[in-house]
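What follows is each chain in one-letter form.
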Amino acid sequence: MSDYLDFDKLAENASSWEWAFYDKIRKRNIFASFNFTKCYQCGKCVGICPAAQHSNFNPRLIIRDVLFGELHRVLDSEDIWLCFDCFDCKVRCPMNLDIPELIHALRVEALLQGRYPKRFKTFLEFGRNMLETGSAISLTWRVRKVRKRLGMTENPISEQAVGELKVIAEETGLNEHLDFCECLIEEEKKDKRLTVK
Amino acid sequence: MGDLLMVINEERLEKIPLEGPLYIFKSCVSSNVYPGIEACTRKILESLGISVVDTDQQTCCGGLTYFTTISSEDTFLATVARNFSVIEEIASDMLVICNTCFNALHYFEKITEDFPNLKVKVNEVISKIGRKYNEGKVRFWHIAEFIYKAKDELARKIKFKLNGLKIAVHYGCRYLRACQEVAIDNPESPTFLEEVVETLGGTPVKYKEKDLCCGSGKMQRYTARDLSLQITARKIESIINEDADLILVVCPSCLAVLDNAQMELEILERLDSRIPVLHITQLIALLLGFDPNETLGIQVHTTPVTPFIEKLMENATEEG
């Protein structure tokens, strides 16, 4: 199947563009100024993308697939997890489209549908650390000693601050989300689990 | 294309404060992995005679967990708002020593500006802990742009001159490109850090992969290690080809990746030599005469920094 844009087919199918998915992720992800209908598939994003140079990741195709509702290709593949979020594409896009934002929205959607990347457990630890210590990366014994030698406090975050963060987590559903992510990993849904080749 | 300025943003440059009191926004990597970055920032401000205020109430910026899809927008916004409300009690300007933090803070401001109802929503959450976010009470500045503004004064105060040592500058992605609306230089062909290097007496090195990401991404070092290493290898090879003496970064994630990956790449026979990596605050603290182990924290670096320090000291004694 050719990946090149078939303009005749595009014109033919324009009325059947799949808006449901596009609208759904636009509404969930309130941050992005979702204006991807402006993309005219020039491919400048792919040209500069570092991930595209070493893998099959292709931002141009991802935008096209999202608009055409070809969800399986977008959400099921490992590709959306390969984006480096380096923003090279956004800077060079003639329409200044926020492609990294789209990738983030797709990742959130994929996660909620049970797909997660390799070593996802590490990020889960960031979340747990944030709740327990107030920082996503916890202080090791060694770094505490180094901090002391450098003339700083061993632990820069107070118990009170950690307590306040716990209240925020409670109010905004962080605990539930972390539990959900942990369930995903433990259940090991092999048919949906991604492994990076 | 957006309004890309091809020159330094003078308007922003003027606003950067060179007087205290300033608050240093602590970060996971800059405080808990490479603590030298935080320590050097403190020493730099001390050398410039700028007073620093501190608090132990500031937590993680909330950016890392949000960007890796672990926390939701609501958690992210509330965490940032809480930090703002903590800091506004003690300072009106803060220096940000980490690019993820800077990205998180900028993102928060951008979104609450576009969607003002979020400010109300976020205050509802943090009112449960007796806090309130007031817009516009704290301004934040990236440490790199602060150093750019103070470069002439720093050049006067340094004890060791770079004396033409070749420095390869890595700009990174998160400050200039992700936050291009507020960054001080343009994202396509930045030059401000090379100006800093020249002012301090060094020679900025032109290398082919100047614009390339370090390989860290938001998570790729974990989720797609091979891919990440390929990018890092390209970056470092391109710099070693130009015989640079040091890689200079402004982001702690870039520091972590470029520092740690070299040993791995040597084992994979992708590199046959290593090159020291330093954060800009560490370099300046070194030039100001602070000790590598007591202030720079080079003991946590994987790639040895001493070859660069020896070259610096050699040059210094030659000039007399």
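How each quantity is defined
- Residues numbered from 1 in each chain as written.
- Chains lettered and ligands numbered in written order.
- Predicted model: local features only at pLDDT ≥ 70, side-chain atom pairs only at ≥ 80, totals over all residues.
- Helix = DSSP H or I, 4+ residues; strand = E, 2+ residues; numbered from the N terminus.
- Rg over C-alpha atoms; globule rule 2.2 N^0.38 Å.
- Buried ≥ 20, exposed ≤ 12 C-beta atoms within 10 Å, placed from the backbone.
- Contact = placed C-beta atoms within 7 Å.
- Pairing = 2+ DSSP bridges.
- Axes fitted to C-alpha atoms, helices over the stretch in contact; angles between N-to-C directions.
- Nonpolar A, V, L, I, M, F, W, Y, C, P; charged D, E, K, R; others polar.
- Core = buried A, V, L, I, M, F, W, Y, C linked by C-beta atoms within 7 Å.
- Domains from an automatic or database assignment.
- Parallel < 35°, antiparallel > 145°, perpendicular 65-115°, else oblique.
- Left-handed = near helix turned anticlockwise from the far one by under 90°.
- Expected span 1.5 Å × (residues − 1).

1. Some details on the overall build of chain B
Here's step 1: Assigned secondary structure in chain B consists of 16 helices and eight strands.
Here's step 2: Against the compact-globule benchmark of 20 Å for 320 residues, chain B has a radius of gyration of 19 Å, which places it among compact chains.
Here's step 3: With the C-alpha coordinates aligned to their principal axes, the bounding extent of chain B is approximately 60 × 45 × 40 Å.
Here's step 4: Out of the 320 residues in chain B, the part that is buried amounts to 54%.
Here's step 5: The contacts in chain B between residues at least 6 apart in sequence include a share of 79% that link residues at least 24 apart.

2. Re the overall build of chain A
Here's step 1: If you tally the helices and strands in chain A, you get twelve helices and zero strands.
Here's step 2: Listing the helices and strands of chain A from first to last along the sequence gives α-α-α-α-α-α-α-α-α-α-α-α.
Here's step 3: Put simply, chain A has 197 residues, and 37% of those count as buried.
Here's step 4: Across chain A, every contact between residues at least 6 apart in sequence was considered, and the portion connecting residues at least 24 apart equals 68%.

3. As for the sheet that holds strand β8 (residues 277–279) of chain B
Each strand in a sheet pairs with its neighbour through backbone hydrogen bonds, running either in the same direction (parallel) or in the opposite one (antiparallel).
Residue and element names in this part refer to chain B.
Here's step 1: Pairing is parallel across the open sheet formed by four strands, whose spatial order is β6-β5-β7-β8. The open sheet is flanked by β6 (203–204) and β8, the only strands paired with a single partner.
Here's step 2: Along the sheet face, helix α10 (residues 192–199) touches β5 (166–170), β6 and β7 (246–249) and points at about 155° away from the line of β5.

4. Focus on the interface of chain B and chain A
Here's step 1: Each partner contributes residues to the interface: chain B has 59 residues there, and chain A has 57 residues.
Here's step 2: Of all the secondary structure elements, the ones that give two or more residues to the side of chain B that touches chain A are α2 (28–32), α3 (36–47), α4 (63–67), α5 (73–87), α7 (117–126), α11 (220–223), α12 (225–240) and α15 (292–296) of chain B.
Here's step 3: Sort the elements by how many residues they give to the side of chain B that touches chain A and α5(B) lands first, with six residues.
Here's step 4: Partitioned by chemical class, the residues of the side of chain B that touches chain A number 26 nonpolar, 22 polar and eleven charged.

5. Observations regarding the nonpolar core
Here's step 1: Counting 154 residues, the largest nonpolar core has L95(B), V96(B), I147(B), L248(B) and L258(B) as the members making the most contacts within it.
Here's step 2: Residues contacting I147(B), with those up to four places away along its chain left out, are L154(B), V196(B), I280(B) and I284(B).

6. A word on the environment of T100(B)
Residues and elements named next belong to chain B.
Here's step 1: With respect to the helices, strands and loops of the structure, T100 is situated in helix α6 (residues 99–114).
Here's step 2: Taking C-alpha positions, T100 is 23 Å from Q262, a pair spaced 162 residues apart along the chain.
Here's step 3: Beyond its immediate chain neighbours, meaning those up to four positions away, T100 contacts C61, G63, L64, R174 and S253.

7. Brief notes about the domain arrangement of chain B
When the parts of a complex come together, some accessible area is lost, and that lost area is often taken as the interface size.
All names here are of chain B.
Here's step 1: One can read the domain layout of chain B as domain 1 (16–143) and domain 2 (149–319).
Here's step 2: Taking only C-alpha atoms, the centre of domain 1 and the centre of domain 2 are 25 Å apart.
Here's step 3: Those elements that place two or more of their residues in the side of domain 1 that touches domain 2 are α2, α3 and α6.
Here's step 4: In terms of residues, the side of domain 1 that touches domain 2 owes the most to one element, α3, which gives eight residues.
Here's step 5: When the residues that make up the side of domain 1 that touches domain 2 are grouped by side-chain class, the tally is 16 nonpolar, eleven polar and one charged.

8. Regarding the sheet that holds strand β1 (residues 22–25) of chain B
Residues and elements named next belong to chain B.
Here's step 1: In spatial order, the strands read β2-β1-β3-β4; together these four strands make up an open sheet with parallel pairing. A single partner strand is all that each edge strand has here, and the edge strands are β2 (52–53) and β4 (139–142).
Here's step 2: Sheet analysis places β1 next to strand β3 (residues 93–96), joined by three bridges and oriented parallel. The residue of β3 that forms the bridge with Y23 is M94.
Here's step 3: On top of the sheet, α6 reaches β1, β3 and β4; it is set at about 135° to β3, its chief contact.

9. Points about the packing of helix α9 (residues 120–133) of chain A against helix α12 (residues 174–187) of chain A
Residue and element names in this part refer to chain A.
Here's step 1: For the pair α9 and α12, interaxial distance at closest approach is 11 Å and the crossing angle is 155°. In terms of their interaxial angle, α9 and α12 are classed as roughly antiparallel. Crossing handedness for the pair α9 and α12: left-handed. Residues F120, K121, L124, G127 and R128 of α9 lie in contact with α12, whose contacting residues are L178, C181, E182 and I185.
Here's step 2: Its residues assigned to classes, the contact of α9 with α12 comprises five nonpolar, one polar and three charged.

10. Some details on the pairing of β3(B)
Here's step 1: Summarising the sheet, β3(B) and β4(B) pair through four bridges and their orientation is parallel. Bridging across to β4(B), M94(B) finds its partner in F140(B).

11. A look at α5(B)
All names here are of chain B.
Here's step 1: Its 15 residues place the ends of α5 21 Å apart at the C-alpha level, agreeing with the 21 Å of an ideal helix rising 1.5 Å per residue.
Here's step 2: With respect to burial, α5 is a largely interior element, twelve of its 15 residues being buried.
Here's step 3: Inspection of α5 places T75, F76, L77, A78, T79, V80, A81, R82, N83, F84, S85 and I87 among the buried residues, and these make up the whole buried set.

12. Quick notes on unusual backbone geometry
Here's step 1: Cis rather than trans, the peptide bond between G20(B) and P21(B) has omega equal to -5°.
Here's step 2: For P21(B), the position within the fold is in the loop between α1 (10–15) and β1.
Here's step 3: A positive phi angle, close to 60°, is found at Q41(A), a residue other than glycine.
Here's step 4: Looking at the element boundaries, Q41(A) is found in the loop between α2 (19–28) and α3 (44–48).
Here's step 5: The partly exposed category is assigned to Q41(A), around which 15 C-beta atoms lie within 10 Å.
Here's step 6: The backbone of F87(A) shows a phi angle near 70°, a positive value even though the residue is not glycine.
Here's step 7: With respect to the secondary-structure elements, F87(A) resides in the loop between α6 (71–76) and α7 (88–92).
Here's step 8: The exposure class of F87(A) is buried, given the 22 C-beta atoms found within 10 Å.

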